[in-house]
Amino acid sequence: MTTVLVTGGAGYIGSHACKALARAGYTPVTFDNFETGWRDAVKFGPLEEGDLQDRDRLRDVFAKHKPVAVMHFAALSLVGESMSNPGKYWRSNVGGSLNLIEAAAEAGCKNFVFSSTCATYGDQDGVVLDENSTQMPINSYGASKRAIEDILDNFRASHGLNSVIFRYFNVAGADPDGEVGEFHQPETHLIPLMLDAIEGKRDALTIFGTDYDTPDGTCIRDYVHVCDLVDAHVLGLKWLEDEKGSRAFNLGTGTGFSVREVVHHSGSVTNKPVPIIEGARRAGDATALVSGSRRADKELGWKPTRSTLENMIADAWRWHQNGHYDR
Ligand code: UDP
């Protein structure tokens, strides 16, 4: 069977990717340091515990498994934290990714699928965001991801390491079978925090800023279901295996929802009121991030099927109520 090395395979998106890879006939080898991942989320293939800062460990894992490709999910991804502690983001995200990319190149692994982000575009009011939009990140998280895109471009030229770069918009939802789901500690993301507030696990959801230049004053994001998102990764991997080259793709649906709209839908899906507090803006947040590209559809044949807000909230809600991981 064809092996794919999945960094961050014990995390939210990585674990869903492992399930999709296994289903598509690949063997996903999870590489994770369990700083933010969960042991019980590693269900779909072997585990190699390790840290991206450990170059010898990486070398050994490449030698042992001889993966045909890498899917690189492991990263720090909190916008707010990246603003208060940029060094951590540059050291971990950029330094760790550089070690991984070098180890892949050294091992002769030619295919690299990278989790990038729409945060690399920054805050471009009114601009339709496609893959050719200028990348002007306004937070250290986005800056660190853009830097890794640059590293991949350099290694394409120097080592023939081809990459598919996926710029995610906002990932939400959970595996409808309930095998894996979203669970961060601490949680910072809108939908799980809101579900916590609905369940009374926290007092209220604080809306970060109600004075943005949007119809209802709150930030607008493009939410995509995690299962649709990881399907794109399997398509991207096949695209790389067909030796098509290197390419960046936005992964979003093209429809934006404001924070207030997400709150409203959550109330109707769960049939419960959402306690909210209107708070101040969060540093580093862009006003609106919505994909304006159909490239993933046209070139990879990616067709999101689960990414309605109702589906994402319903799947997250089911996971929230029934699923959990133990440390
Ligand atoms: N948000 C909010 N309250 C929260 C968490 C998030 O109002 O407790 C807003 C946040 O400002 C952003 C949107 O919800 O506009 C999505 O934020 P999230 O952290 O889920 O993802 P991000 O856009 O940072 O990747």
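Nothing here was measured: the structure is a model prediction, and the numbers come from that model.

Undergrad: Help me get a handle on helix α1 (residues 12-23), residues and values and all.
TA: An ideal rise of 1.5 Å per residue puts 16 Å on 12 residues; α1 measures up with 17 Å between its terminal C-alpha atoms. Among the 12 residues in α1, 10 count as buried, and that is most of the element. Within the sequence span of α1, burial applies to Y12, I13, G14, S15, H16, A17, C18, K19, A20 and L21. Against the buried residues of α1 lie β1 (2-7), β2 (26-32), β4 (69-72), β6 (162-168), β7 (170-172) and α7 (226-241). Immediately downstream of α1, the backbone of G25 shows phi near 95°, a positive value.

Undergrad: Outline the pairing of β2, listing residues and values.
TA: Across the 7 residues that make up β2, a large majority, 7, are buried. What you see with β2 is no split at all: Y26, P28, T30 and D32 on one side and T27, V29 and F31 on the other are buried throughout. Where β2 lies against strand β3 (residues 47-49), 3 bridges are found, and the strand directions are parallel. If you follow F31 over to β3, its bridge partner there is E48.

Undergrad: Quick one: what's the story with the site of the ligand, residue by residue and with numbers?
TA: Taken together, 16 residues sit near the ligand, with L190, T206, F208, R282 and D285 positioned nearest. Residue R221 places a side-chain N or O atom 3.0 Å away from an oxygen atom belonging to the ligand. Within the contact set of the ligand, an oxygen atom lies 2.6 Å away from a side-chain nitrogen or oxygen of D285. In isolation the ligand has 510 Å² of accessible area, and contact with the protein removes 89% of it. Only α6 (190-199) and β8 (205-208) provide two or more residues apiece to the shell around the ligand. Among the elements that line the shell around the ligand, the one with the most residues is β8, at 4 residues. Its residues placed into classes, the shell around the ligand shows 9 nonpolar, 4 polar and 3 charged.

Parameters and conventions
- Per-chain numbering applies: the sequence of each chain, read as written, is numbered from 1 onward.
- Per-residue local features of the predicted model are confined to residues with pLDDT of at least 70, and side-chain atom pairs are confined, for both listing and counting, to 80 or more; whole-chain, interface and lining totals are unaffected and use all residues.
- To get the side-chain values, all heavy atoms of the structure are used, and hydrogens and water are removed first.
- Helix numbering and strand numbering both begin at the N terminus, where a helix is a DSSP run of H or I of at least 4 residues and a strand a DSSP run of E of at least 2.
- In a helix, the anticipated span is given by 1.5 Å times the number of residues less one.
- Burial status follows relative accessibility: with a 1.4 Å probe on protein chains alone, a residue under 20% of its type maximum counts as buried, one over 50% as exposed, and anything between as partly exposed.
- Contact definition: two residues touch when any of their heavy atoms are within 4.5 Å.
- The pairing criterion for strands is at least two bridges between them, as found by DSSP.
- Note on definitions. A residue lies near a molecule or strand when any single heavy atom of the residue is within 4 Å of it.
- For this analysis, a polar contact is any N or O atom pair within 3.5 Å, provided that within protein one partner can donate a hydrogen and the other can accept it, and provided that sequence-adjacent residues contribute only side-chain to side-chain pairs.
- Computed with a 1.4 Å probe, the accessible areas rest on the Shrake-Rupley method; for each residue, only the protein chains presented here act as cover.
- Just so you know the grouping, Ala, Val, Leu, Ile, Met, Phe, Trp, Tyr, Cys and Pro go in nonpolar, Asp, Glu, Lys and Arg go in charged, and all remaining residues, Gly too, go in polar.

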